[in-house]
Amino acid sequence: MVTFVDRVTLHLRAGKGGNGCVSVKREKFKPLAGPDGGNGGNGGDIVLVADPQVTTLLSYHHSPHRTAGNGGFGMGDHRSGANGESLELTVPVGTVVKDAEGHTLVDMVEPGARVVVAPGGQGGLGNASLANPKRKAPGFALLGTPGWEGDIQLELKTVADVALVGFPSAGKSSLIAAVSAARPKIADYPFTTLHPNLGVVQAGEVRFTVADVPGLVEGASEGKGLGLEFLRHVERCTALVHVLDCATLDPGRDPLSDLDVILAELGAYPVPEGQTPLLERPQLIALNKVDVPEAKDLADLVRPELEARGYRVFEISAVSHEGLRQLTFALADIVAQHRATLAATPAPERVVIRPKGSEKEFEIRVEGGTYGNIYRVLGAKPVRWVQQTDFQNEEAVGFLADRLEKLGVENGLYKAGAQAGSTVVIGEGDGIVFDWHPTMSSAAELMTAPRGTDPRLDLNPRRTTSQRRERYHERMDAKAEARADLEAERIAHRNEESAR
């Protein structure tokens, strides 16, 4: 049975915004008192919250599909729809949020951190909100926009001050159980530890956390064993403790060769940009199981060589607690120095994101098509306006055309080479397809007809009285000519019959 999950993919769907309402107020003696349609409610957001009480992503492994509430529809008498209920998802501190392609969105390292990963849709305006001095009684309302829908990846990286690394069955779980109140599963076979364990250690006035990382083997950085799955839990640690087994019975193994293998795997693991490489962090050596006489002799033998490499070496026993006090106080000094350095480091400059100007609120991309160029309009506003439009309502479609023209879409299409009748698509993919016809309010330079003519004025097929009279006389003359031809043919046929 799975009890620990540190990587999961969530399928999210934020709430949809409610539609606006089309309504006209009617009272006694006031049959048409004006529009009173209310606005639709906004859809609910999906929010991630870093909670120190959560230690695993197991619940999302079993239930990866999450949905927020939809906004309510607007109603008459200026009643707005209710906003959709937002959904809060608690995740462990240290969770990295990535998009579907694996790009990091946010790193939730602070307890209580909140981030909206799926914003809800916007509620549509009712006809009361759309009324103005020129449009006093709108016969349409805006539709609610859909909420964000897609996948995100959650990856847990343990937030600990010290990481215990070493081969399987080196005694890491026993060590964390001896120095803290953690009670990990301990057995006498390799790979007993299947997930990182955290323990809190008190050394003098310094309190720090220790992470027991599952055993590393040669080739772990390439996917062998369990090391690759849990090496990322070492990324956030300040110091590393190499737990070396001095009582191993495996042939060909000794503390020095084990250390070389572990260092090679740690050096091959790439850390994120901006973080200190694993091998450049403070490292201590813990020669474990010195309560065994043969292990004590081996520890005395390899200690000078390890110290010659520049390591601080501690001979410990997780069973008899020998040397544990010296080790924990040495780690406390390293952690305290690191925290003091972080406190003295000035906070990074806060990034201020300013909104872009209206001239950059859309772009037009020309794409080749089978029957000519396709002009694709991209931008948050045009796409949202299309989503809000009820295309069954001619007045709503006209309102959309006015909004696009005011945004400058028509000028942009003309500059991109579009002509009347060109295919225009708004949004990515299939989008909404239009046959572009410049509006009458467009500037005169949009016209591509010869000077002195305006093709928009030729769209009226109604004929004048003189044209109708001329057409009538033409039809009468044609009928008279046809009758004369028939009469001539009849007379000729009768003469032929008389001659016979």
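Remember, it's a predicted structure, so these values are computed and weren't measured experimentally.

## Quick look at the overall build of the chain
Right, so step 1: Assigned secondary structure in the chain consists of 11 helices and 18 strands.
Right, so step 2: Considering the chain as a whole, with its 500 residues, one finds that 41% of them fall into the buried category.
Right, so step 3: Look at the contacts in the chain between residues 6 or more apart in sequence, and 68% of them connect residues 24 or more apart.
Right, so step 4: Carbon and sulfur atoms form 52% of the exposed surface of the chain, whose accessible area is close to 28800 Å².

## Some remarks on the environment of S129
Right, so step 1: Mapped onto the secondary structure, S129 falls in helix α2 (residues 127-130).
Right, so step 2: Exposure remark for S129: the relative accessible area of 39% places this residue in the partly exposed category.
Right, so step 3: Counting along the chain gives 91 residues from S129 to G38, while the straight-line C-alpha distance between them is 7.6 Å.
Right, so step 4: A polar side-chain atom of S129 sits 2.9 Å from a polar atom in the side chain of N39.

## Considering the pairing of strand β8 (residues 149-156)
Right, so step 1: In the sheet, strand β1 (residues 7-13) pairs with β8 via seven bridges, with the strands oriented antiparallel. For L12, the partnering residue across the bridge sits in β8 and is G150.

## Structural notes on helix α3 (residues 172-179)
Right, so step 1: Of all the positions in α3, only K172, S173, L175, I176 and A177 are classed as buried.
Right, so step 2: In this structure, the buried residues of α3 make contact with β9 (162-165), β10 (197-203), β11 (206-212), β12 (239-245) and α7 (324-344).

## Digging into the sheet that holds β9
Picture the strands of a sheet paired through backbone hydrogen bonds; they go either parallel or antiparallel.
Right, so step 1: Overall, mixed pairing links the six strands, which are arranged β10-β11-β9-β12-β13-β14 in an open sheet. Since the sheet does not close on itself, it has two edges, and those belong to β10 and β14 (312-315), each with one partner. The sheet shows a mean angle of 25° between the axes of neighbouring strands, taken without regard to direction.
Right, so step 2: As judged from the four bridges shared by strand β13 (residues 283-288) and β14, these two strands associate in the parallel manner. Within β14, the position partnered with L284 by the bridge is R312.
Right, so step 3: Here α3 sits on the sheet and contacts β9, β10, β11 and β12; the angle it forms with β10, its principal contact strand, is near 40°.
Right, so step 4: Across the face of the sheet, helix α6 (residues 293-308) comes into contact with β12, β13 and β14 while running at roughly 170° to β14.

## Some thoughts on the side chain of E315
Right, so step 1: Mapped onto the elements, E315 comes out in strand β14.
Right, so step 2: A distance of 2.6 Å separates the side chain of E315 from the side chain of K296, its partner in a polar contact.
Right, so step 3: With residues up to four places along the chain from it excluded, the contact list for E315 reads L287, V290, K296, A299, D300, R303, E322 and G323.

## Some details on the packing of aromatic side chains
A ring pair, where both rings are aromatic, is described by two values, the distance of the centres and the angle of the planes.
Right, so step 1: The full count for this structure, using the stated rule, is two aromatic pairs.
Right, so step 2: Judged by centre distance (5.2 Å) and plane angle (45°), the rings of F140 and F399 are tilted. Within this pair, whereas F140 is found in the loop between α2 and β8, its partner F399 is found in helix α9 (residues 394-407), the two being separated by 259 residues in sequence. With respect to burial, F140 and F399 carry one shared label: buried.
Right, so step 3: Plain terms: the ring middles of F391 and F434 are 6.1 Å apart, the flat faces sit at 45° to each other, and that makes the pair tilted. Residue F391 is found in the loop between α8 (380-387) and α9, and its partner F434 is found in strand β18 (residues 432-435); the two are separated by 43 residues along the sequence.
Right, so step 4: Relative accessible area serves as the criterion here: at 34%, F391 is assigned to the partly exposed category.

## Remarks on a positive patch on the surface
Right, so step 1: Positive charge collects at one region of the surface, where R463, R468, R469, R475, K479 and R483 lie side by side.
Right, so step 2: When you line up the elements, K479 lands in helix α11 (residues 465-499).

## A short note on unusual backbone geometry
With the exception of glycine, the majority of residues adopt a negative phi angle, and the majority of peptide bonds are in the trans configuration.
Right, so step 1: If you check the backbone angles, H78 has positive phi at about 60° while not being a glycine.
Right, so step 2: Within the secondary structure, H78 sits in the loop between β3 (65-67) and β4 (87-91).
Right, so step 3: Phi at H321 is positive, roughly 65°, even though this residue is not glycine.
Right, so step 4: By secondary structure assignment, the location of H321 is in the loop between β14 and α7.
Right, so step 5: By relative accessible area, H321 is classed as partly exposed at 46%.

## Here's the deal with the side chain of R376
Right, so step 1: Tracing the chain through its elements places R376 in strand β16 (residues 374-378).
Right, so step 2: Polar contacts involving the side chain of R376 include one to the main-chain carbonyl oxygen of G427, which spans 2.7 Å.
Right, so step 3: Here R376 is in contact with E363, I364, R365, E367, V425, G427, E428 and G429, once residues within four sequence places are set aside.

## Points about the packing of α3 against α7
When two helices pack together, their arrangement is given by the angle between the helix axes and the distance between those axes.
Right, so step 1: Where α3 contacts α7, the axes come no closer than 11 Å and their chain directions differ by 85°. Between α3 and α7, the crossing angle belongs to the class labelled roughly perpendicular. Contacts from L175, A178 and V179 of α3 reach α7 at L324, L327 and T328.
Right, so step 2: Of the residues belonging to the contact of α3 with α7, the class tally is five nonpolar, one polar and no charged.

## Some thoughts on the confidence of the model for the chain
Right, so step 1: On average, residues of the chain carry a pLDDT of 82, and 85% of them reach 70 or more.
Right, so step 2: Here residues 442-447 scores under 50 on pLDDT; set against residues more than four positions off or in separate chains, the count is 10 contacts.

## Digging into the pattern of salt bridges
Right, so step 1: According to the stated counting rule, one finds 16 salt bridges in the structure shown.
Right, so step 2: K98 is the salt-bridge partner of E155, the closest N and O atoms lying 3.7 Å from each other. Residue E155 is found in strand β8, and its partner K98 is found in strand β5 (residues 95-99); the two are separated by 57 residues along the sequence. Each member of the pair E155 and K98 is classed as buried.
Right, so step 3: Because the salt bridges share partners, they merge into one network encompassing K296, R303, E307 and E315.

## What about α6?
Right, so step 1: Between its terminal C-alpha atoms α6 stretches 24 Å, which fits the 22 Å expected from 16 residues at 1.5 Å a residue.
Right, so step 2: At V302, α6 shows its maximal bend, which comes to roughly 35°, and the proline P304 appears one to four places after that position.
Right, so step 3: What α6 keeps buried is the set A295, A299, V302 and L306.
Right, so step 4: Those residues of α6 that are buried are in contact with β12, α5 (255-268), β13 and β14.
Right, so step 5: The first or second residue beyond α6 is G310, which carries a positive phi of 100°.

What counts and how
Residues numbered from 1 in each chain as written. Predicted model: local features only at pLDDT ≥ 70, side-chain atom pairs only at ≥ 80, totals over all residues. Heavy atoms only, no water. Helix = DSSP H or I, 4+ residues; strand = E, 2+ residues; numbered from the N terminus. Buried < 20%, exposed > 50% of the residue type's maximum accessible area, 1.4 Å probe, protein only. Contact = heavy atoms within 4.5 Å. Areas by Shrake-Rupley, 256 points an atom, 1.4 Å probe, with all protein chains shown as cover. Polar contact = N/O pair within 3.5 Å; in protein donor to acceptor, adjacent residues only side chain to side chain. Pairing = 2+ DSSP bridges. Axes fitted to C-alpha atoms, helices over the stretch in contact; angles between N-to-C directions. Phe/Tyr/Trp six-rings, centres within 6.5 Å; stacked < 30°, edge-to-face > 60°. Patch = residues over 30% accessible without salt bridge, like charges linked within 9 Å, V, L, I, M, F, W, Y side chains within 5 Å. Salt bridge = Lys/Arg side-chain N within 4 Å of Asp/Glu carboxyl O. Lys, Arg positive; Asp, Glu negative; His and termini not counted. Charge placed at Lys NZ, Arg CZ, Asp CG, Glu CD. Parallel < 35°, antiparallel > 145°, perpendicular 65-115°, else oblique. Nonpolar A, V, L, I, M, F, W, Y, C, P; charged D, E, K, R; others polar. pLDDT = per-residue confidence, 0-100. Expected span 1.5 Å × (residues − 1). Bend = angle between axes of the 7 residues up to and from the residue.

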